[in-house]
Amino acid sequence: MERRALLGLAVVATAAASTPVSASSSESGGGASAETYFRLPVVTASIIHADGRRGVLSIETGVDVPDAALRTRAQQSAPRLRAAYNTAAQRFASGLRPGAVPNIDQLAGALQAATNATLGRAGARLLLGTVMAV
């Protein structure tokens, strides 16, 4: 019992001692900061391999929104964004020839268009993580 209390105290002490690192974007337009970026769940779509077997295209997505009002709207619209991304990814995947390598620029354009349409205006930047066809 004392060991559990000690471990709990260690976790609390570590959390209190660590200070959040403020990530700020550089003057030259660096990456997304921690305050403006939020991650969404992985988007998947079904594809056909060259040998006729079915496969999965998985896409890691995130959104960087510098404008605070639009960021709040984007976070509240996360389910709608996920639905729009799933639709865009499935359309993209259905247009792929069997065994073809996905065109990431075309995919990013389709997902960015879905972001702008869902939020009602431009200002949110779609960020892609890993895009993998299995």
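Keep in mind it's a predicted model, so treat the numbers as computed, not measured. (Residues numbered from 1 in each chain as written. Predicted model: local features only at pLDDT ≥ 70, side-chain atom pairs only at ≥ 80, totals over all residues. Heavy atoms only, no water.)

The next point concerns the packing of helix H3 (residues 78–94) against helix H4 (residues 104–119). Where H3 meets H4, the axes come as close as 9 Å, and the angle between the chain directions of the two elements is 145°. The chirality of how H3 crosses H4 is right-handed. In this structure, H3 uses Arg80, Leu81, Ala84, Tyr85, Ala88 and Phe92 to contact H4, whose residues at the interface are Gln106, Leu107, Ala110, Leu111, Ala114, Thr115, Thr118 and Leu119. Considered class by class, the residues forming the contact of H3 with H4 number ten nonpolar, three polar and one charged. (Axes fitted to C-alpha atoms, helices over the stretch in contact; angles between N-to-C directions. Helix = DSSP H or I, 4+ residues; strand = E, 2+ residues; numbered from the N terminus. Left-handed = near helix turned anticlockwise from the far one by under 90°. Contact = heavy atoms within 4.5 Å. Nonpolar A, V, L, I, M, F, W, Y, C, P; charged D, E, K, R; others polar.)

To continue, consider the packing of helix H2 (residues 68–76) against H3. Contact geometry of H2 with H3 gives a least axis separation of 4 Å together with a crossing angle of 70°. Regarding the angle of H2 to H3, the classification is roughly perpendicular. The segment H2 lies against H3, with Ala74, Gln75 and Gln76 engaging Ala78, Pro79 and Leu81. Across the contact of H2 with H3, the residue classes tally to four nonpolar, two polar and no charged. (Parallel < 35°, antiparallel > 145°, perpendicular 65-115°, else oblique.)

Right, let's talk about the nonpolar core for a bit. If you look at the biggest cluster of nonpolar residues, it comprises 25 residues, and the most contacted ones within it are Val63 and Tyr85. For this core, the elements supplying multiple residues, two or more each, are strand S1 (37–48), strand S2 (54–64), H2, H3 and H4. The element that contributes the greatest number of residues to this core is H3, accounting for eight residues. Excluding anything up to four places from it in sequence, Val63 contacts Thr36, Tyr37, Phe38, Leu40, Leu81, Tyr85, Ala124 and Arg125. (Core = buried A, V, L, I, M, F, W, Y, C linked by side-chain atoms within 4.5 Å. Buried < 20%, exposed > 50% of the residue type's maximum accessible area, 1.4 Å probe, protein only.)

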